[in-house]
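Coordinates in review
Here's the letter readout for the chains.
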Amino acid sequence: MRLQLHKDFMFADAAALIPYLIDLGISHVYSSPILTARAGSIHGYDVIDPTTVNPELGGEQGLRDFVSKLRAVGLGLIVDIVPNHMAVGGGDNPWWVDLLCHGRSSRYAGYFDVDWDTDDPDLRGKVLAPFLGRPYGEALDAGEIRLHLNPSGTPAIHYFDSHFPIDPTDHAFIRKAGPEAFSPDNRDGRCKLHELLERQHYRLAWWGSAGDEINWRRFFDINGLAGLRIEEPAVFDATHATLFRLYADGLIDGFRVDHVDGLSDPPGYCRQLRRRLDELVPSRHAYVVIEKILGADESMPNDWGVDGTSGYDFMNDVSAVQHDPSNAAALGLLWQSFTQRPADFADEERPARLEILQRGFDAQLNAVTKALHQVARSDRHTRDTSAASIRRGLLALLSHFPVYRSYNGGSERSPSEQVGFAKALRGARAASPVSSHIVLDQLDRWLGGAPGNKVAATRFQQLSAPVAAKAVEDTAFYRYGRLLSRNDVGFDAGRLGGSVVDFHRACADRLAAFPAAMLATATHDHKRGEDLRARLAVISEMPDDWAAFLAQCRALDAVRPDPADEIMLYQMIVGAWPLLLDTSDQSGCKAFAERLGAWQQKALREAKLRTDWTAPNEAYEATARNFLFNLFSPSEGFLPLARSFIDRIAPAGAVNGLAQALLKMTVPGMPDFFQGTEFWDFSLVDPDNRRPVDYGARREALAANAEVVECQASWRDGRIKQLIIRKVLDFRRELPDLFQQGDYSPLQVEGALEQRIIAFIRARGRSVLIVVVPRLIHRLMVPADRLMLDPDGLRESSLLLPGQLDGIQLHPLLFNDGSLTAARRLPLKSLLGDFPMAVLYSVDSA
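Now for helix α24 (residues 618–631). Helix length check: α24, at 14 residues, gives a terminal C-alpha distance of 20 Å against a target of 20 Å (1.5 Å per residue), a fit within 8%. In the core, the buried residues of α24 are packed alongside α22 (563–576), α23 (586–607) and α25 (638–666).

So this is what it looks like as structure tokens:
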């Protein structure tokens, strides 16, 4: 279970959950980063000191006490680690402060990914420090930048709460002149302060200039997170020493590696990490998974030394199989007709990529252009290729790039990498004039079509990854609303749904290559909660009903935001509506509307169409917010419409939610539960998905020891989901080899429901597990507020079992009574007539 640690939920708080985690069936706590992060961090990814355990979490002693309690009951610990970047800019990161203080002579000058030899003469040998809230001259004139003496007597530049060091060679001069000589309150003091700042190893700048001028790699486009050169042995050792010590001491069992695609050499890093862990404890296999987002048809390489990804690929697979692909065109045209936005995601993605490149990554694009231009000039056959033409070619390539990045790093591309690059090249050629094709062909060669320049190729790869993240996940996903359940981290939004065959193939491939890969359905980064997505998936089965609902909503008299923003809001309301919230509950509706309002503002700003984080359009945001809150007014007529539609899709959505949880626990891989999602998860984008969890209610529900049949009638309270999780995880704990090493074999269904049932066998020796779950079942649900399939719809279909199972007794895992004898054909009515999914088992008693 993933736990989000912070100052209000420390190691001691996590330790208090241990009895509950044991009862639920959890084997490992999977924690957010534990190293010292910026004060008050709610996530831990903004590390400022990788050599210590975060004191806000309880420090190293708190960690040791926590792990001691975990070990006492047989639980393990997996830790999230952040090798790509550190938090900078506030004066709280000693490595960064030393870099600013001493510049190129700092012992940490090679730790951060800084271009010290930039073409800008004012930045050569310096670091751009884009941490000012307004242009430098304005901030200086306003007296916001000041020279102060720290308590130790050391001079430093203060900008509100941020502190910047002064080169020691200037200290004597400052002492002689006195700090008051540099006061910005008078013209002479401002001039002296400016002259002093100009001599430093950094150049203070407005944050808005970073995209165009920054000379160091950031995490995406965040000025407060600086990229590390983890490929350097000294940096690798310094950033991992504490983690390795804790691992060697037996406190940590494995790691999840954050944003591996940001590194210069992800495969090399992963192999180095594996080697070091194996050397530290040869007798133990460290569990290592990586945050890797795979593009459509992209496979995870199997030679990196990791156990798989952190599970976005499974999230995408299980989501796709719960959507009806046959209605993709109808829903796309519906979206287009209402909004005048593109019906196909690709037509939204490409312009978003170009926009993000030009507004947030111009400096990084220029650095890639410069590196490739140097390659061109080094060869007489290409020396006439201009930097401008290279830049245009890069824009064309990156706007069509189908994967996050490639990994060849200057060597020739692998066959699998060639597939993705060739697709980008075809798109770039089609979108570019013929005169540009020769440059595109040269880029193809320089970037891996043949052995080329490592620096240039690496810079390109470290640009393509953040561009994909910002353009796709943080821009196009907020512009494209055919069905928001297919817009989430790691998802292929251009593909509405998938088939049962697709799902089985993905599971079989995972078993063959990464049988211990993490399987996620909710994360700290998801855009929508797992059960919200499961409910919205039902709309893929009923496009006409959805169109009618939208028409009714749009007929209401109101001052509206843009149609796209309006329709996305309707999806979020019907998808996230809490199951126990009644429309007459004014305080509950207000609280829900406030949560939606926070989501709405973030969604509007991420879309970057009518408003933006950098230049908020407060008038438009107010219009959108007022529209949202007016919808919740009893006099507006929207709530009865919405509640009627929600009640029609909620039961099927709940079955989808239970089905994805059951599949996650039984297909090959390691199931991961984000904190609190053992109850229904209708969370919104962060920070909503990181709200405090009511563990008291979850403990109480689990302690009641209810049975599935009891919870079926009260399914809206979420206990049924928790109970199914407990039953299956208990079974996993009893038969670990069946799940870790067992075969995976799809089962066929005969009859009308052939494409509406996902069924398979896990087998090892004579132990067998059979799982049967439905999909696309809106029309199969009984016409009542119950989680049951219509028996008449099941009557003509059967599950086909292999002959070797004939005659064995199969016991139901989700229920305590009854068993059946395996036969060649098992009628689905006997399996799913009382509950919409079944888990049967036979255990080798020898």
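By the bridge criterion, 2 bridges tie strand β1 (residues 2–3) to strand β2 (residues 28–31) in an arrangement that is parallel. Paired with L3 across the two strands is S31, which belongs to β2. Pairing analysis gives 4 bridges linking β2 to strand β5 (residues 76–81), with the strands arranged parallel. Pairing of H28 across the sheet is with G76, part of β5.

In a regular helix each residue adds 1.5 Å, so 13 residues correspond to 18 Å; helix α17 (residues 437–449) covers only 15 Å between its end C-alpha atoms and thus falls short of that length. For α17, the complete set of buried residues consists of H437, V439, L440, Q442, L443, D444, W446, L447 and G448. The elements touched by buried residues of α17 are α14 (362–377), α15 (387–398), α16 (415–431) and α18 (454–473).

On to the nonpolar core. Membership of the largest hydrophobic core comes to 258 residues, with the highest contact counts inside it found for F112, I145, W546, F632, I770 and L799. Looking at which element gives the most residues to this core, the answer is α25, with 16 residues. With sequence-adjacent residues up to four places away left out, I770 is seen in contact with L747, F760, I761, L799, L801, L805, L810, A838, V839 and L840. Y404, A465, A468 and V489 belong to the second largest nonpolar core, which has 15 residues in total.

Our next topic: the packing of α14 against α15. Relative placement of two packed helices is described by the angle separating their axes and the distance separating the axes. α15 packs onto α14 with a crossing angle of 120 degrees between their chain directions and a minimal axis gap of 9 Å. One finds that α14 runs oblique with respect to α15. Relative to α15, the crossing made by α14 is right-handed. Each of D362, L365, N366, V368, T369, L372, H373 and A376 in α14 lies in contact with α15, whose residues at this interface are A387, I390, R391, L394, L395 and L398.

A few words now on unusual backbone geometry. That bond from D686 to P687 is cis: its omega, 10 degrees, falls within 30 degrees of zero. With respect to the element layout, P687 can be found in the loop between β17 (670–671) and α26 (695–703). Positive phi values are uncommon outside glycine, yet H259 reaches one of about 40 degrees. By the element assignment, H259 lies in the loop between β14 (254–257) and α10 (266–280). Phi angles above zero are rare outside glycine, and L776 is one such case at about 50 degrees. When you line up the elements, L776 lands in the loop between β21 (767–774) and α30 (791–794). The exposure class of L776 is buried, given its relative accessible area of 7%.

Cut-offs used in this document
Residues numbered from 1 in each chain as written. Predicted model: local features only at pLDDT ≥ 70, side-chain atom pairs only at ≥ 80, totals over all residues. Heavy atoms only, no water. Helix = DSSP H or I, 4+ residues; strand = E, 2+ residues; numbered from the N terminus. Expected span 1.5 Å × (residues − 1). Contact = heavy atoms within 4.5 Å. Pairing = 2+ DSSP bridges. Buried < 20%, exposed > 50% of the residue type's maximum accessible area, 1.4 Å probe, protein only. Core = buried A, V, L, I, M, F, W, Y, C linked by side-chain atoms within 4.5 Å. Axes fitted to C-alpha atoms, helices over the stretch in contact; angles between N-to-C directions. Parallel < 35°, antiparallel > 145°, perpendicular 65-115°, else oblique. Left-handed = near helix turned anticlockwise from the far one by under 90°.

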